[in-house]
Amino acid sequence: MLRRAGPSLRHFLLERNISAGHSSCSREAKMSRPVQARRLEGIDKNIWVEFVKLATTYSKVNLGQGFPDFPAPEFLREALMRALSGGNHMLHQYTRAFGHPPLVKVLAQFFEKLLGRELDPMTNVMVTVGAYQALFCCFQALVDEGDEVIIIEPFFDCYEPMVKMAGGTPVFVPLRPNPPKDGKLMSSADWQLDPAELASKFSERTKAIVLNSPNNPLGKVFSRGELGLIAELCVKHDVLCISDEVYEWLVYDGKQHIRIASLQGMWERTVIIGSAGKTFSATGWKVGWVVGPDRLLQHLRTVHQNSVYHCATIAQEAVAQGFQRELTLYGKPESYFVQLPKELQQKRDWLVQSLDGVGMKPIIPEGTYYLVADISPFKSDVPDVPNSDEPYDSRFAKWMVKNKGLAAIPLSAFYSEAHKNNYSNFIRFCFAKEEATLKAASDILQKWKQEKTSSARGVAGSAGKMADTESGVGKRPRGAQVEDRKVDWRRWKQERKAETKKWKEIKLLKKLDKQRMRELAEQEAQAQEEQKEDRGRPHTLSVALPGSILNNAQSPALRSYLAGQIARACAIFCVDEIVVFDEHGEDVKSVEGDFEGIGKKGKACVQLARILQYLECPQYLRKSFFPKHEDLQFAGLLNPLDSPHHMRMDEDSEYREGVVLDRPTKPGRGSFVNCGMRKEVQIDKQLNPGLRVTVRLKEPQNPEAKVRKGTVVSSQHPRAVSGLYWGYSVRLASCLSAVFSECPFKEGYDLSIGTSERGSSVDQVTLPSFRHALVVFGGLEGLEAGVDVDPNLEVTDPSVLFDFYLNTCPSQGSRTIRTEEALLISLSALRPHIEEAVKTPKGT
């Protein structure tokens, strides 16, 4: 850049350029070129930059920007002070790039409660510089050039520019207001998606949908039905969900925040975004996080490590301590997560009353910091400007902060360019403020109302005097007034009669519609019941194997891992019963009591059975049935079964596993059961506490009820009636013959299959129809070892014990196949034959 030349030099240069036939401007144009990247075009304007400046310059009361002006909780500030002044000097240095270990660990523990699934803190959680950076990582990592991203309007304003910066195309679908007809104030719940319109936005180009619940700016908390619709479309079109849940704890009036990742089929396609700023009222700390499956978060980690890389260690440490406190107090009255929404609800109600009192019509939010109000009655103060490019609410908000000293944000700022003018009669207020701040805002509004009232009276009085002066009459004759009020009563009665008739017709049509919908619902319910009967699975599959296979493991940890592999294999192939038999004569019949020695040798049958039972039990029931035990010390290494009966907290299902609670009930009122949901279930039978039961939940449920209703059914009911795989039972057998003789089915096993490399090839077999099939596996020494030590068997050839004796892996490349490998190989090889057999009528 050249220094500015003096007048004489400038004059000389100008003369020289003119004489050369070109100007200095053209030379500069040739020398310069755009410096900004094309991806920044059209996204340089930011509503917050403009309105924060206005609020700083003019406002007496700032209800615009979303931050509390009250302090963060004392326990959080104390945690920060401890981190700053404590002896751990490493808190002033870098920590783990993807999240301070104490923070990701407690977040994983917390979200395990909320989602009802096990989380790995190192792969399922990542800490970011606020939720803002979490969003940026999502769009940069998951959205590619040409991808479409569905955004629900109104939306937090950064979604659109972030999608564009990633090369994506935003596709907008609005929440449409449906005002109540009873004259009540509108609620954020009255703003709803049109299901057909939403479905029309999904296409083969759709990569993701952005969900913000509770929603900023409306405060809408999406219902289970609305989330179910979104989830169904995401699964159908294989679309990701970026779920912005920064206001998850700020929900009012007893509403429930439902996490879409907890719905069927959504965990693997959802990234949850959270914020310590909103959670703990400390927005300046800029600590956020993402929770989701590793297959998605691994790409977010790539963006994070190549951009921000690291978040402030001390802030993460303090937030970790805050969450640790809340984990201890979860659900208790003294929890900050319980107290904060109660305080904010009072502030919300105060602002609602103030706005309603002056004529602005507030939309009552179900959650968040924010409240949207209709400013239509105030248009006389700020007249609309025809053909203006700026939305009316934007001009109104600017006028209000400059002339009244009250800052708010126009709702049009939360809409796409094409839709800004469709919702330009609303402004957004933030009520997360001190009482003094809200009172100051109320005073401004009251004064404004008084000014409007005085002005209106003055105008009316002046107009009346002017009319009297022009007419020359001080007072109109009484007869003239009577003449003006004369009514055509015949015509009025006819119109009233026609309106009444029309109203009755509408009422009748509504009644007929309700009756038709009720009939359709009954027909649909009946059809569903018939389908369930058709879907039922009457046959069972049992597997028997020796506990001695654990002795082949090299350490206690590997014994546990081996047992976990067996459980996973059985769950994958829908095994209904696992029999662990003893081929060494230990004669153990129960897993109860102590277990001496968990080294390489020991009571392997007991340990294997205990671990299998532990893994089959849903996570929320394990504390009730599995006290701390040496056999289970490495259970944390085991992969979850993730079977259909392992439910998340908010997951919808017809059936649930539960434990009967020790709670007094009135005679004939049944018992209460913990089914791993937010509400307990009241069942139809009086049962002993501590009993595990299968519960069928009644539908429909009353959402306002304190408990849910259900009936106790057999653990076989989900399989036999609805065709659901509902886990396996575990049975201990003292020897191989006891596998058959102690069969739990009255008619016994009508199909038995032994597996051995000495058997016939599975490829040539045709299995008969059956009700209860049993597949038996040998240990390290094969089935022959079990036959030799069994005192009840007089045979030496194990093949005579079975209907079929099969080699399930002919021409194997290894001399040995381990039992856990044989389990997967055999069940995979037998599966098509079993499926064909159960199609065949019984007795054929």
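A word on the sheet that holds strand 21 (residues 692-697). Reading around the barrel, the 5 strands line up as 18-19-20-22-21 and close back on themselves, with mixed pairing between neighbours. Here 2 bridges tie strand 18 (residues 655-660) to strand 19 (residues 672-674), and the two strands are oriented antiparallel to one another. Residue pairing in the sheet places V660 in a bridge with V673 of strand 19.

With that settled, the discussion passes to the packing of helix 6 (residues 130-142) against helix 11 (residues 294-305). The interhelical angle for the contact between helix 6 and helix 11, taken along N-to-C directions, is 110°, at an axis separation of 8 Å. Of the possible angle classes, the one that applies to helix 6 and helix 11 is roughly perpendicular. Here Q133, C137, C138, Q140, A141 and L142 of helix 6 lie close against helix 11, whose contacting residues are L296, H299, L300, V303 and H304.

This brings us to the packing of helix 4 (residues 74-85) against helix 12 (residues 313-328). With their axes 8 Å apart at the nearest point, helix 4 and helix 12 run at an angle of 135° to one another. Compared by their axis directions, helix 4 and helix 12 come out oblique. You can see that helix 4 and helix 12 cross each other, and the crossing is right-handed. Residue-level inspection shows F75, L76, A79, L80, R82, A83 and L84 of helix 4 in contact with helix 12, the latter providing I314, E317, A318, V319, Q321, G322, R325 and E326. Per-class residue counts for the contact of helix 4 with helix 12 are 9 nonpolar, 2 polar and 4 charged.

In the structure shown here, the tally under the stated rule is 33 aromatic pairs. With a centroid separation of 5.6 Å and an interplanar angle of 70°, the aromatic rings of Y247 and Y369 are classed as edge-to-face. With a gap of 122 residues between them, Y247 in the loop between strand 8 (240-244) and strand 9 (270-275) and Y369 in the loop between strand 11 (361-363) and strand 12 (370-374) connect regions that are remote in the sequence. Here the two residues Y247 and Y369 agree in accessibility, since each one is buried. Note on F280 and F337: the rings are 5.6 Å apart at their centroids and 40° apart in plane angle, and the pair reads as tilted. Within this pair, whereas F280 is found in the loop between helix 10 (276-279) and strand 10 (288-291), its partner F337 is found in helix 13 (residues 336-358), the two being separated by 57 residues in sequence.

Mean pLDDT over the protein chain works out to 85, with 88% of the residues at or above the 70 mark. Counting contacts from residues 18-28, a segment whose pLDDT is below 50, to residues more than four positions away or on other chains yields 5 contacts. The low-confidence segment residues 592-601 (pLDDT under 50) makes 23 contacts with residues lying over four places distant or belonging to another chain.

By secondary structure assignment, the location of W285 is in the loop between helix 10 and strand 10. In the structure, W285 is positioned 34 residues away from V319 in sequence and 9.4 Å away in space, judged by C-alpha atoms.

So, on to helix 3 (residues 47-58). Between its first and last C-alpha, helix 3 extends 16 Å over 12 residues, near the 16 Å set by a 1.5 Å rise per residue. Taken residue by residue, helix 3 has I47, W48, F51, L54 and A55 as its buried positions. The buried residues of helix 3 occupy an angular sector of 135° when projected down its axis, which confines them to one face. When the buried face of helix 3 is taken as reference, the exposed residues oriented beyond 90 degrees from it are V49, K53, T56 and T57.

Once that is clear, we can look at helix 24 (residues 819-839). Over its 21 residues, helix 24 runs 29 Å from end to end, which matches the ideal 30 Å to within 8%, given 1.5 Å per residue. Approximately 40° is the largest bend angle found in helix 24, and it occurs at R831, with the proline P832 only one to four residues beyond. Taken together, the buried positions of helix 24 are occupied by T819, E820, A822, L823, S826, L827, L830, H833, I834 and A837. Against the buried residues of helix 24 lie strand 16 (540-546), helix 18 (556-572), strand 24 (751-761), strand 25 (772-776) and strand 26 (804-807).

Quick look at the side chain of D790 now. Of note, D790 is situated in the loop between helix 23 (783-789) and strand 26. Summary of buried charges: D790 has no salt-bridge partner, and the nearest side chain of opposite charge, R731, is 11 Å away. Polar side-chain contacts of D790 include one of 2.9 Å to the backbone nitrogen of N792.

As a further point, take a nonpolar patch on the surface. Together, L508, L509 and L512 line one region of the surface with nonpolar side chains, adding up to about 300 Å² of accessible area. With respect to the helices and strands, the residue L512 is situated in helix 17 (residues 489-535). For L512, a relative accessible area of 45% puts it in the partly exposed group.

Turning to unusual backbone geometry, a few remarks are in order. A cis amide bond links E153 to the next residue, P154, at an omega of -5°. Mapped onto the fold, P154 is located in the loop between strand 3 (148-153) and helix 7 (159-165). Here the bond from S213 into P214 is cis, since omega is -5°, no more than 30 degrees from zero. By the secondary structure assignment, P214 is in the loop between strand 7 (206-212) and helix 9 (224-237). Phi at D238 takes a positive value of approximately 55°, unusual for a residue other than glycine. Within the secondary structure, D238 sits in the loop between helix 9 and strand 8. Owing to a relative accessible area of 55%, D238 belongs among the exposed residues under this scheme. Its identity as a non-glycine residue notwithstanding, T368 has a phi of 75°, on the positive side. Tracing the chain through its elements places T368 in the loop between strand 11 and strand 12. The exposure class of T368 is buried, given its relative accessible area of 0%.

Taken as a whole, this structure holds 31 salt bridges when the rule is applied. A salt bridge links D349 to R348, with the nearest nitrogen and oxygen atoms 2.9 Å apart. For D349, a relative accessible area of 35% corresponds to the partly exposed category. Of the charged contacts in the structure, one is a salt bridge between R758 and E784, with a shortest N-O distance of 2.9 Å. Of this pair, R758 sits in strand 24 while E784 sits in helix 23, and the two are 26 residues apart along the sequence. The exposure class of R758 is exposed, given its relative accessible area of 60%. Among the charged side chains, a network of salt bridges with common partners joins E50, E390 and K398.

Glancing now at the side chain of H645. Mapped onto the fold, H645 is located in the loop between helix 20 (622-625) and strand 18. For H645, a relative accessible area of 0% corresponds to the buried category. Engagement of the side chain of H645 in a polar contact is seen with the backbone oxygen of E616, the distance being 2.9 Å. Residues within four places of H645 in sequence aside, it is in contact with E616, P618, Y620, E657, R692, W726 and G727.

Another aspect to go through is the nonpolar core. In terms of nonpolar packing, the biggest core is built from 143 residues, with F139, I209, I230, F323, M360, F396 and F429 touching the most fellow members. Ranked by residue count, the leading element in this core is helix 5 (residues 101-115), at 9 residues. For F323, the contacting residues outside a window of four places in its chain are L103, V106, L107, F110, T279, F280, W289 and F337. Residues A569, V575, C605 and A609 belong to the second largest nonpolar core, which totals 51 residues.

What counts, and at which threshold
Residues numbered from 1 in each chain as written. Predicted model: local features only at pLDDT ≥ 70, side-chain atom pairs only at ≥ 80, totals over all residues. Heavy atoms only, no water. Pairing = 2+ DSSP bridges. Helix = DSSP H or I, 4+ residues; strand = E, 2+ residues; numbered from the N terminus. Axes fitted to C-alpha atoms, helices over the stretch in contact; angles between N-to-C directions. Parallel < 35°, antiparallel > 145°, perpendicular 65-115°, else oblique. Contact = heavy atoms within 4.5 Å. Left-handed = near helix turned anticlockwise from the far one by under 90°. Nonpolar A, V, L, I, M, F, W, Y, C, P; charged D, E, K, R; others polar. Phe/Tyr/Trp six-rings, centres within 6.5 Å; stacked < 30°, edge-to-face > 60°. Buried < 20%, exposed > 50% of the residue type's maximum accessible area, 1.4 Å probe, protein only. pLDDT = per-residue confidence, 0-100. Expected span 1.5 Å × (residues − 1). Arc of directions from axis to C-beta. Bend = angle between axes of the 7 residues up to and from the residue. Lys, Arg positive; Asp, Glu negative; His and termini not counted. Salt bridge = Lys/Arg side-chain N within 4 Å of Asp/Glu carboxyl O. Polar contact = N/O pair within 3.5 Å; in protein donor to acceptor, adjacent residues only side chain to side chain. Patch = residues over 30% accessible without salt bridge, like charges linked within 9 Å, V, L, I, M, F, W, Y side chains within 5 Å. Areas by Shrake-Rupley, 256 points an atom, 1.4 Å probe, with all protein chains shown as cover. Core = buried A, V, L, I, M, F, W, Y, C linked by side-chain atoms within 4.5 Å.

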